[in-house]
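# Chain and residue survey
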Amino acid sequence: DQLTTLTGLDGITTVGGYLAIINNDQLTTLTALDGITTVGGYLAIINNDQLTTLTGLDGITTVGGGLSIWDNAELTTLKGLDGITTIRGGLVIRSNARLKALTGLDGI
């Protein structure tokens, strides 16, 4: 069985290290992560074929490492990252075939 939601992670408010959401072909939503405000390390959203939006990451204001968003075939918007004001590492956005604009990163 493939992971389709992140239900069960609803109560998390802080991730001290990396938050990596990688290779979940059937994942359609990140809404269970809407309580997270800080990621201490890297935030990586990679190769999630059915993910269309990053809604659910709205509460994150600080990423202590880098932010990588790549190979998400159906991702159409970066909205959901609107709250991020600080990224202390690199920023990589690549190979998201349906992504046409970087709206959602305005606060950085």
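## Things to note about unusual backbone geometry
- Here Asp71, not a glycine, exhibits a phi torsion of approximately 55 degrees, which is positive.
- Checked against the element boundaries, Asp71 lands in the loop between strand E6 (67–70) and strand E7 (86–87).
- Asp71 sits in the partly exposed class, given a relative accessible area of 29%.
- Even without a glycine there, the phi angle at Ser95 is positive, about 55 degrees.

## Examining the pattern of salt bridges
- Under the definition given, this model contains two salt bridges.
- Arg98 is paired through a salt bridge with Glu74; the nearest N and O atoms lie 2.8 Å apart. Of the two residues, Arg98 is situated in the segment after strand E8 (91–94) and Glu74 in the loop between E6 and E7; the sequence distance between them amounts to 24 residues.
- Classification of Glu74 by relative accessible area gives partly exposed; the value is 27%.
- Notably, a salt bridge pairs Asp82 with Lys79, separated by 3.3 Å at the nearest N-O pair.

What counts, and at which threshold
Residues numbered from 1 in each chain as written. Predicted model: local features only at pLDDT ≥ 70, side-chain atom pairs only at ≥ 80, totals over all residues. Heavy atoms only, no water. Helix = DSSP H or I, 4+ residues; strand = E, 2+ residues; numbered from the N terminus. Buried < 20%, exposed > 50% of the residue type's maximum accessible area, 1.4 Å probe, protein only. Salt bridge = Lys/Arg side-chain N within 4 Å of Asp/Glu carboxyl O.

In short, geometric facts, not functional conclusions.
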